[in-house]
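Observations on the model geometry
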There are 2 protein chains.
Amino acid sequence: MTYKTPQDLYPVTVNEERIAKYIQNLAQFGMNEKGGIDRSLGSKADIQARNWLKKLWKTALNATVTVDPAANLWAERKGKEKMKPIVLGSHHDAVANGGKYDGAVGVLLATEVVQSLKEADYKLRHPIKIVSFSAEEPNPYNISTLGSRLITGVLDGKQIGEATHQYTHEKLSETLKRLGGDVADVANHLLTSDDVDVFLECHIEQGRRLMDYGSSLAVVSTITGIYREEITIYGEANHAGTTMMENRHDALLAGAELSLAVEEAVLKQNRTDVVGTVGHMEISPNSANIIPGTAQLILEIRTSNDQVLKRLIEQLTQRCAEIEVKRQIIIKRKTILDQKAVPMDPLVRKVLQQSIRAFGESYLDLPSMAGHDAVHMVPVAKTGMVFVPSIDGKSHCPEEKTRTEDIVKAGNVLIQTVIALDKELD
Amino acid sequence: MTYKTPQDLYPVTVNEERIAKYIQNLAQFGMNEKGGIDRSLGSKADIQARNWLKKLWKTALNATVTVDPAANLWAERKGKEKMKPIVLGSHHDAVANGGKYDGAVGVLLATEVVQSLKEADYKLRHPIKIVSFSAEEPNPYNISTLGSRLITGVLDGKQIGEATHQYTHEKLSETLKRLGGDVADVANHLLTSDDVDVFLECHIEQGRRLMDYGSSLAVVSTITGIYREEITIYGEANHAGTTMMENRHDALLAGAELSLAVEEAVLKQNRTDVVGTVGHMEISPNSANIIPGTAQLILEIRTSNDQVLKRLIEQLTQRCAEIEVKRQIIIKRKTILDQKAVPMDPLVRKVLQQSIRAFGESYLDLPSMAGHDAVHMVPVAKTGMVFVPSIDGKSHCPEEKTRTEDIVKAGNVLIQTVIALDKELD
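Everything numeric in this text was worked out from a predicted model, so none of it was measured.

Conventions adopted
- Residues numbered from 1 in each chain as written.
- Chains lettered and ligands numbered in written order.
- Predicted model: local features only at pLDDT ≥ 70, side-chain atom pairs only at ≥ 80, totals over all residues.
- Heavy atoms only, no water.
- Contact = heavy atoms within 4.5 Å.
- Buried area = accessible area lost by both parts, 1.4 Å probe.
- Salt bridge = Lys/Arg side-chain N within 4 Å of Asp/Glu carboxyl O.
- Helix = DSSP H or I, 4+ residues; strand = E, 2+ residues; numbered from the N terminus.
- Phe/Tyr/Trp six-rings, centres within 6.5 Å; stacked < 30°, edge-to-face > 60°.
- Buried < 20%, exposed > 50% of the residue type's maximum accessible area, 1.4 Å probe, protein only.
- UniProt positions renumbered as here; feature names shortened; annotations may be inferred.
- Least-squares fit on C-alpha atoms with pLDDT ≥ 70 in both.
- Axes fitted to C-alpha atoms, helices over the stretch in contact; angles between N-to-C directions.
- Parallel < 35°, antiparallel > 145°, perpendicular 65-115°, else oblique.
- Left-handed = near helix turned anticlockwise from the far one by under 90°.
- Pairing = 2+ DSSP bridges.
- Core = buried A, V, L, I, M, F, W, Y, C linked by side-chain atoms within 4.5 Å.
- Expected span 1.5 Å × (residues − 1).

**A look at the interface of chain B and chain A**
On the side of chain A, 55 residues touch chain B, which itself brings 55 residues to the contact. Where chain B abuts chain A, roughly 4,300 Å² becomes buried across the two surfaces, and 58% of that area is made up of carbon and sulfur atoms. Counting every contact that joins chain B to chain A gives four salt bridges. The shortest N-O distance in the salt bridge between R327 of chain B and E263 of chain A comes to 2.8 Å. Among the elements of the structure, α6 (209-213), β8 (238-239), α7 (251-269), β9 (274-284), β10 (290-291) and β11 (294-303) of chain B are those that each provide at least two residues to the side of chain B that touches chain A.

Below, the structure is given as structure tokens:
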């Protein structure tokens, strides 16, 4: 089944069998007995994947392959004119026991797009580049979106100086060196807006909004803001037998009320662009026969809408005050993260949307509720993202899956988007 | 201020200054810089306390002092007749950073009672004994009420064979040996109903019922039953950004609802003899950006009333089913403790009550919501307990305090109770 290009578009499409094969090929590196992928930074599987990608780019794309000081992999094909490049990519690492599609789709579809253009002998004015960023996922060094943050200067090389692998204790700087990077040299090679014109990332949605709406594609509007609070509840530890119910100051029950209040407040917003989670809770002394004296929670709210965040924090403050009075406990709150939402580039969004409509497809206009490398490319490039559906919304697990036909649609849209932007941008 | 004995009672009372001094003396052993007591089994403070008690009993009481195979300390003064002894006592160990009164009051007041009777030259028909049990409190060997359970055969010497101190790693059997015990010899010296006639324990309430009612004394009706369940909630760990609220199966929120349901159900009973606690909760993966996949809780319900327990468990089962349906999660429950309530001896209770009334005092008839060594003496002796008030209900902390005048009242009641039981029992 080959996708038919509409008449007014340049007739070049991705190769469905090939992109499916690429995904299966990359998935071999780090596949465990559960069918999950273990491919964290510096692992054998990471190195295998890197070598395979570099060889593929050299042989299939005849591209110039380089490794930057953050150990990000780059492939380049020259354009007809001396211009800043159009860059496509994502990441090839995986969370522990992760899936075959997260990150991989973006890197391999970038490869397939460049290969298809090459085979169709379509000459772009701009150079076209592919990037596969290092360590986008949570990893044993406890630093995610490492490659994109390092190379754009969001993360200072010095800041990672002491980071080590939690199991092997290898220094992150040593790991990067093994992979062809050099932390000390990052500052001399920071990406700026002189180096990139456009960055396009295709990624799996990792949620089920596309699936629930029956759409194959989403154009990302913004990448969600992430707000986190560390909340400590000070109650009174006491004997769980002799302390009557009305004399208790139970920190766990206060935390329970607070967690449920977060859920209730977010649900009341009745929006698809906000979620709230208490993912972490520690009780002390955490003993069957002692009333919990303290509870420590981490609250996370994700939304692209500052007003919604403000409203939720106000409601939470109100509820905290009520719980403090009701239970005679003290609630201390500390903001530990307040990462603002990052909008995608309007022009890139518009061209992505036009390309999708040209194929007669529908799309959703969605905020990304997960962070991505694209966030860090925004300051240096006109950045856009396309989402493809995650079956049942599953991600970061062996069951993670996206239908090939949806990936093909995204690939064809990317080709037309690249062609259109290549024409439009000087 | 000396307590005046009513005319129809034998004129012997405890010495207020002396009992206050005894309590301050014992508190020196293990007192830390916070004013709390650190006196766990086998510690230097434990050994100092043991030596001090043994010397006190020999010198002040002219008693025969022995150490049984469970390292429990005993003092004996012979009676006029060949009878089974009346035993008074409690324990002298303390939880980490505990108080001066828990256990100590029972042992020292027993001492004071025997000393007062001796000084008044009152000759009992029965032998009178004092016991201070080993390791009643939660301790670094993770075995509480050790001495009373060992010597009454509730705990088999073999069962503690492998227990070790969590910090020093000393074997419990070695510790007991250092203290004059011998685990291997316990089986040959088990207490039976041939060895004890009556057991009387005075203890601090560790709650605030006496204080709230303005009473100085309580006669314990039963020692509470303790029921524990390990509850595991299986939800679905998922991305805390991309998983919309309505698609979540959040184990923490299910645990929060369950914990609040326990509180609600217990409060609805509107009784002073039942409490319910979720003291332990572990979340997994317990990460800020992942929806909690599992939650493990320990629920404890304490009540002396089987019907109340049954009703609460039924209500809990109902609520679990509702939460399972609402959140599409699975709740597995396992009963890990179902210790039935233990009633105190009716005759001993009656004599205690009569003695209190003879002084014109009021008392509360209360179930003990904490476990005590007395529980394990029930099968071998007519057992009774008296509670004295804990100021503000505080216990197991440096602030633990009981007014000396209340301890004196309990001492005088114990003297009259011993005299009455000595007359009544053959």
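**So, the packing of aromatic side chains**
With the rule as written, the count across this model stands at ten aromatic pairs over all chains. Aromatic pair Y22 of chain A and W52 of chain A: ring centres 6.3 Å apart, planes at 80°, arrangement edge-to-face. With Y22 of chain A in helix α1 (residues 16-27) and W52 of chain A in helix α2 (residues 44-61), the pair connects residues that are 30 residues apart, well separated along the chain. Grouping residues by exposure puts Y22 of chain A and W52 of chain A together as buried. Taken together, a centroid distance of 6.0 Å and an interplanar angle of 65° make the contact between F133 of chain B and F199 of chain B edge-to-face. In this pair, F133 of chain B sits in strand β4 (residues 128-133) while F199 of chain B sits in strand β5 (residues 198-204), placing the two residues 66 residues apart along the sequence.

**Some remarks on the UniProt feature "domain: Peptidase M20 dimerisation" (unreviewed entry) in chain A**
Within the UniProt annotation, "domain: Peptidase M20 dimerisation" (unreviewed entry) is assigned to residues 225-324 of chain A. Taken end to end, residues 225-324 of chain A is 38% helix and 35% strand, and its first and last C-alpha atoms sit 29 Å apart.

**Re the relation of the copies chain B and chain A**
Mapping chain B onto chain A calls for a screw motion: a turn of 180° about the axis and a shift of 0.0 Å along it, with 0.0 Å RMSD after fitting. The relationship between the two copies is best expressed as a two-fold rotation axis. Taking the C-alpha atom as reference, chain B places A256 of chain B closest to the rotation axis, 2.2 Å from it. Of all interface residues in chain B, 100% are interface residues in chain A too; the two copies therefore contact each other through one and the same surface.

**Observations regarding the environment of R403 of chain B**
Residue and element names in this part refer to chain B. Of note, R403 is situated in the loop between β15 (382-388) and α11 (404-424). Each C-alpha atom, one on R403 and one on L252, is 43 Å from the other, the two residues being 151 residues apart in sequence. Among residues more than four places away in sequence, those in contact with R403 are S216 and I391.

**Here we look at the packing of helix α7 (residues 251-269) of chain A against α7 of chain B**
The contact between α7 of chain A and α7 of chain B brings their axes to 9 Å, and the two run at 125°. In this view, α7 of chain A runs oblique relative to α7 of chain B, as classed from their interaxial angle. Crossing geometry of α7 of chain A relative to α7 of chain B is assigned as left-handed. Contact residues: L252, L253, A256, E257, S259, L260 and E263 of chain A in α7 of chain A; L252, L253, A256, E257, S259, L260 and E263 of chain B in α7 of chain B.

**Observations regarding the pattern of salt bridges**
The final tally for this structure, using the stated rule, is 52 salt bridges over all chains. Note that R333 of chain B is salt-bridged to E229 of chain B, the shortest N-O span being 2.8 Å. Within this pair, whereas R333 of chain B is found in strand β12 (residues 330-339), its partner E229 of chain B is found in strand β7 (residues 225-234), the two being separated by 104 residues in sequence. Residue E264 of chain B is joined to K268 of chain B by a salt bridge in which the shortest nitrogen-to-oxygen separation is 3.5 Å. On the criterion of helical spacing, the pair formed by E264 of chain B and K268 of chain B is a turn pair, its members being four residues apart in helix α7. Overall, the relative accessible area of 45% leaves E264 of chain B in the partly exposed class. Three or more residues are tied together by salt bridges with common partners; here these are E257, K326 and R327 of chain A together with E263 of chain B.

**Structural notes on the sheet that holds β9 of chain B**
All names here are of chain B. An order of β9-β11-β7-β12 is seen for the four strands of this open sheet, with the pairing classed as antiparallel. The open sheet is flanked by β9 and β12, the only strands paired with a single partner. If you compare each strand with its neighbour and ignore which way they point, the axes differ by 15° on average. Both β9 and β11 contribute to a ladder of ten bridges, which runs antiparallel. Paired with T277 across the bridge in β11 is E300. Sheet strands in contact with α7 are β7, β9 and β11, and its direction is about 175° off that of β9.

**With respect to the environment of L172 of chain B**
Within the element layout of this structure, L172 of chain B appears in helix α5 (residues 172-178). Sequence spacing of L172 of chain B and V95 of chain B is 77 residues, and the spatial spacing of their C-alpha atoms is 17 Å.

**Re the nonpolar core**
In terms of nonpolar packing, the biggest core is built from 67 residues, with I233, L258 and L297 of chain A together with I233, L258 and L297 of chain B touching the most fellow members. Beyond its immediate sequence surroundings of up to four residues, L297 of chain B is in contact with E229, E230, I231, I233, G255, L258, S259, V278, H280 and M281 of chain B. Formed by 60 residues, the second largest nonpolar core is a distinct cluster that contains V113, I128, I204 and L414 of chain B.

**Comments concerning α11 of chain B**
Here α11 of chain B spans 30 Å end to end across 21 residues, near enough to the 30 Å set by a 1.5 Å rise per residue. For α11 of chain B, the buried fraction is high: 16 of the 21 residues fall into the buried class.

**Concerning unusual backbone geometry**
Residue P285 of chain A follows S284 of chain A across a cis peptide bond; omega there is 0°. By secondary structure assignment, the location of P285 of chain A is in the loop between β9 (274-284) and β10 (290-291). You will see that H169 of chain B, though not glycine, has its phi angle at about 65°, which is positive. A positive phi angle, close to 65°, is found at N286 of chain B, a residue other than glycine.

**Overview of the pairing of strand β15 (residues 382-388) of chain A**
Residue and element names in this part refer to chain A. In terms of burial, β15 is largely enclosed, as six of its seven residues are buried. Pairing analysis gives seven bridges linking strand β5 (residues 198-204) to β15, with the strands arranged parallel. Its bridge partner lying in β15, I204 is registered against V388.

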